[in-house]
Amino acid sequence: RSTMNVANNQNDDRRPKIRLKYNSPSGLYRQLLVGVDNNSTTLFDIGYDAPMIDVNANDMYWEVSNAKFVIQAIPDFNFDRVIPFGIKITTLGESSIKIHELENILDDTAIYLHDNVTGIYHDLKNGNFVISLPIGVYNNRFSICFSNESSTIISKTIIKDKKAISVEFINSTSILNIKNNLEDT
């Protein structure tokens, strides 16, 4: 399997990285970085993740531990990995998200932008994602993922006496997760 290297990197850092570029309706843009590091988690990791200091009127950011970030390190780019991001809109018009640069990414690595509201998976390697959103903040709506609907996660929650049993099946790995929060009586 070959590796796609868009950036001409002079150092020996072979960690996979995806750089995204968000173009806002106002003409401003934001660049975000997500990279793989075996020492990182999906939570905030000091020395790996960079919190966002300045949130613009129209902006995009990684959602990590209920905070906004411009750089995020995660353990892998596996097909079941989901990387949520948020968008803030104060100007009506068209926004776009595109891959700005890939480093050390295998050619056969799929990179999708998933819209949790519409259910649409957009292949970012084949073109920019363009959308016009009403003014607002869109947390938990969009994510970057590495497979499309063919690896769907099916979940069901059963609630009884304000406690729940959660059942989740991941098609791509055939894994069934069951979490029982009910107390035996």
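None of these values were measured; they are calculated from a predicted model. (Residues numbered from 1 in each chain as written. Predicted model: local features only at pLDDT ≥ 70, side-chain atom pairs only at ≥ 80, totals over all residues. Heavy atoms only, no water.)

(A) Structural context of the nonpolar core. Counting residues in hydrophobic clusters, the biggest one holds 34 residues, and the most contacted among them are Ile18, Trp62, Phe77, Phe85, Ile87, Phe142 and Ile144. Of all the secondary-structure elements, those providing two or more residues to this core are β2 (17–23), β3 (29–36), β5 (59–64), β6 (67–74), β7 (82–89), β8 (94–103), β12 (129–132) and β13 (136–145). (Core = buried A, V, L, I, M, F, W, Y, C linked by side-chain atoms within 4.5 Å. Buried < 20%, exposed > 50% of the residue type's maximum accessible area, 1.4 Å probe, protein only. Helix = DSSP H or I, 4+ residues; strand = E, 2+ residues; numbered from the N terminus.)

(B) Broad picture of the pairing of β12. With burial as the criterion, only one face of β12 is covered, namely that bearing Phe129 and Ile131; the residues Val130 and Ser132 on the opposite face remain uncovered. Where β8 lies against β12, 4 bridges are found, and the strand directions are antiparallel. Within the sheet, the bridge partner assigned to Ile97 lies in β12 and is Phe129. (Pairing = 2+ DSSP bridges.)

(C) Structural context of the environment of Asn128. For Asn128, the position within the fold is in the loop between β11 (121–123) and β12. Classification of Asn128 as partly exposed rests on a relative accessible area of 42%. As a C-alpha pair, Asn128 and Lys98 span 30 residues in sequence and 4.7 Å in three-dimensional space. Look past the residues within four positions of Asn128 in its chain and what remains in contact with it is Ile97, Lys98 and His122. (Contact = heavy atoms within 4.5 Å.)

(D) Representation of the packing of aromatic side chains. If you walk through the whole model with that rule in mind, you get 6 aromatic pairs. A centroid spacing of 5.5 Å and a plane angle of 40° characterise the contact between Phe44 and Phe69, whose relative ring orientation is tilted. Linking Phe44 in the loop between β3 and β4 (50–51) with Phe69 in strand β6, this pair joins segments that are 25 residues apart in sequence. With relative accessibility at 38%, the residue Phe44 sits in the partly exposed group. Summarising the aromatic geometry, the rings of Phe129 and Phe142 are spaced 6.0 Å apart at their centres and angled 65° between planes, so their arrangement reads as edge-to-face. With Phe129 in strand β12 and Phe142 in strand β13, this residue pair connects regions lying 13 residues apart in the sequence. Both residues of the pair, Phe129 and Phe142, belong to the buried class. Every member of this aromatic cluster is reached through a ring pair, and the members are Trp62, Phe85, Phe129 and Phe142. Residue placement shows Lys21 over the ring face of Tyr29; its charged tip is 4.5 Å from the ring centre. We note Lys68 situated over the ring of Tyr61; from NZ or CZ to the ring centre the distance is 5.0 Å. (Phe/Tyr/Trp six-rings, centres within 6.5 Å; stacked < 30°, edge-to-face > 60°. Lys NZ or Arg CZ within 6 Å of the ring centre and 35° of its normal.)

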